[in-house]
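Each chain is listed here by its residues.
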Amino acid sequence: MKRAEALKEIIDVVNPKDTFDENTVIADCPDLDSLGLFNIVLFLNSIGLTPTVEDLAAMKTVGNILDLVSKE
Amino acid sequence: MKCIFHNVAIRSIIGGTGSEQYNASELVAPFVGQDQAERLVRSLGFKKLRAIPRPHTCGDLATDAALDLFKKENLTGNDFDACISVTQSPNYIVPANTFYYQEKLGLNKDCLFMDVIQGCAGYIYGIMQAAILIESKRIKRVLLLTGDTSSIAANLITAGLNGRTNVQVSNAAIFGDGASATILEFSEDTQPITCNIENFGKFHTVLEDDFCKAIPLRPLDIDSFKPNFLHIDGTELARFSMNEVRDNIKQTMELAEVTCDKLSYCISHQANRPMLKSLARSLQVPAEFIPFLSENTGNTSSASIPLAISENVSQLDKLKTAPTLMTGFGVGLCAGSAIVDLRKCNIYEPVYL
């Protein structure tokens, strides 16, 4: 899956109040709280990746999450 | 357990839910703050939650649904050979809900009673159990009653946190109260029903009551009401849903020798919006194939599939064009799917209590 497509899917599943991009710092984005990250885990599970919420919380930016997808 | 039933028809379906409709964000805000409450609603997709006024029970709601269905179908309690109740919130531990239904619905004394304790996959369990009875040739018509009073929001309003700490209050933005009544009967002129139920007891702690691990009893009055609060291991549930549930659906379609394009919809247990979207993605089908239909009702456990159909029958126009896949998953953990033909089924709008 391409990064842009993955970002679009992640935004869709999180359904944030204000949109975010690759450079968004996870800790600074209220919509990327534990529930938001859980929804991203759901998305990643649905394409065969199995990180935990804790794995994602340890990442700095949304771009780091997209790195997981683009490695596949 | 995988089975194909050749002589069982779903004759009619009706849902039931609470007349009280709460704004989910307003309900949860006092416990988590306004911003977090709004995020919960945006994320999970449940804007409003329906609940029946306490101390009414799921049994009361299912009774109302069944009586309305009897009237519409010109039937009485005497016309049934068996009654199956599926709930995790029965009126009492003893006696079983079916005895309550017998009195309220006029079921005769020769009617076979079965009470099944199942949640999110309970509707599929009920259909399969009813089909097994009907294919035994000893039972011609079954009344299937499902539902739960799962509304944590209503519990919070009624009893607050009741001294408990570490409650997953966010779950209050998910669950509503619901029930359903379905009539299944023997038919020589119907399409097969294909069922596939799988159980995963090793995950029994993924969804459980966080305090007493017991169901609430029917209270004699509001002061004696004991609320239940569910604890959910979201990560494990996500993994289960995107793997075991997806595989259960695929196996069911293989057994029925159909593909998604030959089906009207997958009417799923209405777990929450992102769960259904991700399930669609994992199956590589359009999101519209697994519609999220409970934005203004909530997740109603074993009632969510029939209630979603009943509430949205006017929008689900494809139901009358092709067989329908139903899938339930959750507490147990359990995953169950059924491919049924609703083209001749009478589907009625829900009753409200």
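What counts, and where the lines are drawn
Residues numbered from 1 in each chain as written. Chains lettered and ligands numbered in written order. Predicted model: local features only at pLDDT ≥ 70, side-chain atom pairs only at ≥ 80, totals over all residues. Heavy atoms only, no water. Helix = DSSP H or I, 4+ residues; strand = E, 2+ residues; numbered from the N terminus. Buried < 20%, exposed > 50% of the residue type's maximum accessible area, 1.4 Å probe, protein only. Rg over C-alpha atoms; globule rule 2.2 N^0.38 Å. Contact = heavy atoms within 4.5 Å. Phe/Tyr/Trp six-rings, centres within 6.5 Å; stacked < 30°, edge-to-face > 60°. Lys, Arg positive; Asp, Glu negative; His and termini not counted. Salt bridge = Lys/Arg side-chain N within 4 Å of Asp/Glu carboxyl O. Polar contact = N/O pair within 3.5 Å; in protein donor to acceptor, adjacent residues only side chain to side chain. Pairing = 2+ DSSP bridges. Axes fitted to C-alpha atoms, helices over the stretch in contact; angles between N-to-C directions. Buried area = accessible area lost by both parts, 1.4 Å probe. Nonpolar A, V, L, I, M, F, W, Y, C, P; charged D, E, K, R; others polar. pLDDT = per-residue confidence, 0-100.

1. Considerations on the overall build of chain B
Argument step 1. Of the regular secondary structure elements, chain B holds nine helices and 15 strands.
Argument step 2. Across the 353 residues in chain B, those meeting the buried criterion constitute 61%.

2. So, the overall build of chain A
Argument step 1. Counting its secondary structure elements, chain A contains four helices and zero strands.
Argument step 2. Each helix and strand of chain A, ordered N terminal to C terminal, gives the series α-α-α-α.
Argument step 3. For a compact globule of 72 residues, the expected C-alpha radius of gyration is about 11 Å, and chain A comes in at 11 Å, within 12% of that figure.
Argument step 4. In terms of its C-alpha atoms, chain A occupies a principal-axis envelope of roughly 25 × 25 × 20 Å.
Argument step 5. Partitioning the intrachain contacts of chain A with sequence separation of at least 6 by distance along the chain shows that 51% fall at a separation of at least 24.

3. Regarding the packing of aromatic side chains
Residue and element names in this part refer to chain B.
Argument step 1. For the coordinates displayed, the defined rule picks out six aromatic pairs over all chains.
Argument step 2. Ring centres of Tyr100 and Tyr101 lie 6.2 Å apart, and the angle between their planes is 65 degrees; on these two criteria the pair is classed as edge-to-face.
Argument step 3. Measuring from centroid to centroid gives 5.1 Å for Phe200 and Phe240, while their planes differ by 80 degrees, and the two rings are edge-to-face. Note that Phe200 is positioned in the loop between β9 (193-199) and β10 (207-209) and Phe240 in helix α7 (residues 234-256), a separation of 40 residues in sequence.

4. Remarks on the side chain of Glu198(B)
All names here are of chain B.
Argument step 1. Tracing the backbone shows Glu198 in strand β9.
Argument step 2. Buried charge without a partner: Glu198 forms no salt bridge, and the closest opposite charge is Lys2, 4.5 Å away.
Argument step 3. A polar contact of 2.8 Å, which involves the side chain of Glu198, links it to the side chain of Asn248.
Argument step 4. In this structure, Glu198 is in contact with Glu244, Asn248, Gln251, Cys334 and Ala335, ignoring residues within four places of it in sequence.

5. Quick notes on the sheet that holds strand β8 (residues 177-186) of chain B
Residues and elements named next belong to chain B.
Argument step 1. Here six strands make up an open sheet; going across it, the order is β6-β5-β7-β8-β2-β15 and the pairing mixed. The two strands at the open ends of the sheet, each matched to only one other strand, are β6 (112-116) and β15 (346-352). With direction set aside, neighbouring strand axes in the sheet form an average angle of 15 degrees.
Argument step 2. In terms of strand pairing, strand β5 (residues 82-86) meets strand β7 (residues 141-149) through five bridges, oriented parallel. Across the sheet, Ala82 pairs through a bridge with Val142, a residue of β7.

6. Some thoughts on the interface of chain B and chain A
Argument step 1. Taken together, the contact pairs 18 residues of chain B with 20 residues of chain A.
Argument step 2. Taking both sides of the interface into account, the surface hidden between chain B and chain A amounts to around 1700 Å²; carbon and sulfur atoms contribute 53%.
Argument step 3. Linking chain B with chain A are four salt bridges, by the criterion used here.
Argument step 4. Among the salt bridges present, the one from Arg39(B) reaches Asp33(A), with a minimum N-O distance of 3.2 Å.
Argument step 5. Where chain B meets chain A, there are 10 residue pairs in polar contact (both at pLDDT 80 or more).
Argument step 6. Breaking the side of chain B that touches chain A down by element, the ones donating at least two residues are α2 (34-44), α7 and α8 (273-283) of chain B.
Argument step 7. Per-element accounting of the side of chain B that touches chain A gives the leading share, seven residues, to α8(B).
Argument step 8. Per-class residue counts for the side of chain B that touches chain A are six nonpolar, six polar and six charged.

7. Describing the sheet that holds strand β13 (residues 324-330) of chain B
Residue and element names in this part refer to chain B.
Argument step 1. If you trace the five strands from one edge of the open sheet to the other, you get β1-β9-β14-β13-β12, paired in mixed fashion. Every other strand in the sheet has two partners, leaving β1 (2-5) and β12 (266-268) as the edge strands with one partner each. Put simply, the sheet's adjacent strands are angled 15 degrees from each other on average, direction ignored.
Argument step 2. Summarising the sheet, β13 and strand β14 (residues 334-340) pair through seven bridges and their orientation is antiparallel. Pairing of Thr324 across the sheet is with Val340, part of β14.
Argument step 3. Helix-sheet contacts for helix α5 (residues 122-135) involve β1, β9, β13 and β14, and the interaxial angle to β9 is about 125 degrees.

8. Here's the deal with unusual backbone geometry
Argument step 1. For the bond running from Gly332(B) to Leu333(B), omega is -5 degrees, close enough to zero to count as cis.
Argument step 2. Structurally, Leu333(B) can be placed in the loop between β13 and β14.

9. Side note on the side chain of Ser337(B)
Residue and element names in this part refer to chain B.
Argument step 1. By the element assignment, Ser337 lies in strand β14.
Argument step 2. Separated by 2.6 Å, the side chains of Ser337 and Asn248 make a polar contact.
Argument step 3. Here Ser337 is in contact with Ile124, Thr194, Cys195, Asn196, Asn248, Ile249, Thr252, Leu325, Met326 and Thr327, once residues within four sequence places are set aside.

10. A look at the confidence of the model for chain A
Argument step 1. For chain A, mean pLDDT is 88; residues scoring 70 or higher make up 99% of the total.
Argument step 2. Per-element mean pLDDT across chain A ranges from 81 in helix α3 (residues 53-57) of chain A up to 91 in helix α1 (residues 3-14) of chain A.

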